[in-house]
Amino acid sequence: MEEDDERLRPLVFLMTYMLLKRRRDLNNTDVQRRNEIQRRLRQRQYFFQRQRRMMMMMMAGSIRSNAHIRTRPWTTVPSTDWWERVVMTEFQPSDWLDKFRMSRETFFYLCEKLRSRLTRQDTSFRLALPVEKRVAVALWRLASNVEYRTISALFGVGKSTVCKCVRDMCHSIVALLRPDYLRTPAEPELEESARLFLSQWGFPHCVAAVATLHTAIITPSNNASDYINPAGWLSVLSQVTVNGRGQIWDMCACFPGGIEPAEILQKSLLWTTATEGGLSPVPPSFFMGRQLGYVLLGEPCYPLQSWLLKAYPEKRGSRANPAMPSERQNLFNRRLRRARRVAQEALLRLKARWQCLSKRNDCGLDVVPTMIRACCILHNVCESHGDSFNGEWLAEVAEAESPQPAYADADTEQSWGEEVRELFCDYFQQND
């Protein structure tokens, strides 16, 4: 009997093993079947959700209700009551001038000029900002230089939207308005500017004054030391040319504040145009019995040229003038300084209107040059449209502005330039 049990024991073990293996295989099959069912359910659920979203988007895109209802699930809708009710309906002429630095008529003229580049399309989730509001946001920033978050709360838009409005409008102004408001004048315009310099400033045969403009900036990420100007603060340097009406017709922006103005001038289009006779009629008109092209007036840091005059050095012992200036030279200096006030006053008005140029500008260096050009063009737009200028803005500039750097006299002189300067000395001595 025991022998029979011993023979059957391996068989029992084998049967037990096979039963357990069969049970495990059945369990694994059930698990795989359940996983496959769940996977198919998830896939079908995702498909239905996607189909539902697409249907909702198609319905939202096809519905155009009078209420302009849009879905914005990711943010709250800010209030635009101030812009729509106060500005557009209640602003008086003085309010437009104070807040946007231009009249209401000039504002809407600007909007029409920029409409082709600033118009945006509505989407299913939000309405595009009107061109008028985009322009107003950007002008507020240029005029006040306040933080983006302040303008964001005021106009009921996001901070990123404020930044985009400023960038887009500045680029649009330069692209669309520069050919009309910032260009080399034609011969009739040069003759008119020469008449204005003579009648208003007492300086004959002159069409413009060249000046420098420093704009304070935040510390740049690269080559910060290059932007430290002679006054010790970080800036970008621009060269500005102003005609007899106080309007800007040429400008170079923006170079590191540590560069010498003479270097900028010699690399500019103005230098090339003037040296080739492009700023004078053909043939040149007569002055003091000689044919002479029109001249420009420059700061002491510029080199004396036949077309660019500057004051005689007033310190004894300089290489350009080893002796003290004579009485006739002092007379010339006084007349030149008086005439150069047209550029100084124009820059004051420019910075007073657009205080992003008088206060420290916290925009990146990729935006600042375009912003400065846009402000110069806007200055010309306001001046040509006869918009009023509030003298109180000048006090704001005086409080906010850093002192402009002073430059030493340039010793590079041109012999023909000396002769031209002597002609003007003779003129002023005869007409004093």
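Above this note sits the structure.
These numbers come from a predicted model, not from an experiment.

Attention now goes to the overall build of the protein. Summing up its helical and strand segments, the protein has 15 helices and seven strands in all. Looking at the protein as a whole, 44% of its 432 residues are labelled buried. By sequence separation, contacts in the protein at least 24 residues apart represent 71% of the contacts at least 6 residues apart.

Examined against the element boundaries, Gln 329 turns out to sit in helix H11 (residues 327-339). By relative accessible area, Gln 329 is classed as buried at 12%. From its side chain, Gln 329 meets the backbone nitrogen of Ser 326 in a polar contact 3.0 Å long.

An α-helical segment advances 3.6 residues per turn. Residues three or four places apart therefore align on the same side. In a regular helix each residue adds 1.5 Å, so 13 residues correspond to 18 Å; helix H12 (residues 341-353) covers 18 Å between its end C-alpha atoms and thus fits that length. By the burial criterion, the buried members of H12 are Val 342, Ala 343, Ala 346, Leu 347, Leu 350, Lys 351, Ala 352 and Arg 353.

So, on to unusual backbone geometry. With a phi close to 55 degrees, Asn 223 is a non-glycine residue in the positive phi region. On the secondary structure map, Asn 223 appears in the loop between strand E1 (206-216) and strand E2 (235-242). Judged by relative accessible area, Asn 223 falls into the exposed class, the value being 53%. At Met 288, a position not held by glycine, the phi torsion is positive, near 55 degrees. Note on placement: Met 288 falls in the loop between strand E4 (286-287) and strand E5 (290-291). Taking the relative accessible area as the measure of exposure, Met 288 reaches 29% and is therefore partly exposed.

Here the focus is the pairing of E2. Here E2 lies mainly inside the structure; eight of its eight residues are buried. Judged by which residues are buried, E2 turns out to be covered on both faces: Ser 235, Leu 237, Gln 239 and Thr 241 on one side and Val 236, Ser 238, Val 240 and Val 242 on the other are all buried. Where E1 and E2 come together, eight bridges link them in antiparallel fashion. Bridging from a neighbouring strand, His 214 pairs with Leu 237 of E2.

Attention now moves to the sheet that holds E2. Pairing between sheet strands relies on hydrogen bonds along the backbone, with the strands arranged either parallel or antiparallel. Spatial ordering of the open sheet is given by E3-E2-E1-E6-E7, a layout of five strands whose pairing is mixed. With one partner strand each, in any of the chains shown, strand E3 (248-256) and strand E7 (308-309) form the two edges of the open sheet. On top of the sheet, H12 reaches E1, E2 and E3; it is set at about 40 degrees to E1, its chief contact.

Checked against the element boundaries, Arg 328 lands in helix H11. Linking Arg 328 and Gln 429, residues 101 residues apart in sequence, is a C-alpha distance of 6.4 Å.

One pass over the structure, following the stated rule, counts 24 salt bridges. Note that Glu 36 is salt-bridged to Arg 39, the shortest N-O span being 2.6 Å. Linking Glu 36 with Arg 39, this pair stays in helix H1 (residues 2-62), spanning three residues, or about one helical turn. Assessed through its relative accessible area of 29%, Glu 36 is described here as partly exposed. Between Lys 99 and Asp 98 there is a salt bridge whose closest N-O contact spans 3.5 Å. Judged by its relative accessible area of 33%, Lys 99 falls in the partly exposed class. A network of salt bridges, in which partner residues are shared, links Arg 120, Arg 134, Lys 164 and Asp 168.

We now examine the environment of Leu 213. Relative to the assigned elements, Leu 213 resides in strand E1. Taking the C-alpha atoms as reference points, Leu 213 and Val 240, 27 residues apart in sequence, are found 7.1 Å from one another. Once residues within four sequence positions are removed from consideration, Leu 213 is found in contact with Val 236, Leu 237, Ser 238, Val 240, Leu 350, Lys 351 and Gln 404.

Within the secondary structure layout, Asn 145 lies in the loop between helix H5 (131-144) and helix H6 (148-155). Sequence-distant contacts of Asn 145, defined by excluding residues within four places in its chain, comprise Trp 140, Gln 355, Cys 356, Lys 359, Arg 360 and Asn 361.

A few words on the packing of aromatic side chains. Enumeration according to the criterion identifies 20 aromatic pairs in this entry. Considering the side-chain rings of Trp 96 and Phe 107, the 5.0 Å spacing of their centres and the 50 degrees angle between planes classify their relative orientation as tilted. Within this pair, whereas Trp 96 is found in helix H3 (residues 93-100), its partner Phe 107 is found in helix H4 (residues 104-118), the two being separated by eleven residues in sequence. Phe 107 carries the same exposure label as Trp 96, and that label is buried. Geometrically, the ring pair formed by Trp 96 and Phe 108 is tilted, given 6.0 Å between the ring centres and 55 degrees between the ring planes. Here the residue Trp 96 occupies a position in helix H3, and Phe 108 occupies one in helix H4, the gap between them amounting to twelve residues.

Scoring rules and cut-offs
- Residues numbered from 1 in each chain as written.
- Predicted model: local features only at pLDDT ≥ 70, side-chain atom pairs only at ≥ 80, totals over all residues.
- Heavy atoms only, no water.
- Helix = DSSP H or I, 4+ residues; strand = E, 2+ residues; numbered from the N terminus.
- Buried < 20%, exposed > 50% of the residue type's maximum accessible area, 1.4 Å probe, protein only.
- Contact = heavy atoms within 4.5 Å.
- Polar contact = N/O pair within 3.5 Å; in protein donor to acceptor, adjacent residues only side chain to side chain.
- Expected span 1.5 Å × (residues − 1).
- Pairing = 2+ DSSP bridges.
- Axes fitted to C-alpha atoms, helices over the stretch in contact; angles between N-to-C directions.
- Salt bridge = Lys/Arg side-chain N within 4 Å of Asp/Glu carboxyl O.
- Phe/Tyr/Trp six-rings, centres within 6.5 Å; stacked < 30°, edge-to-face > 60°.

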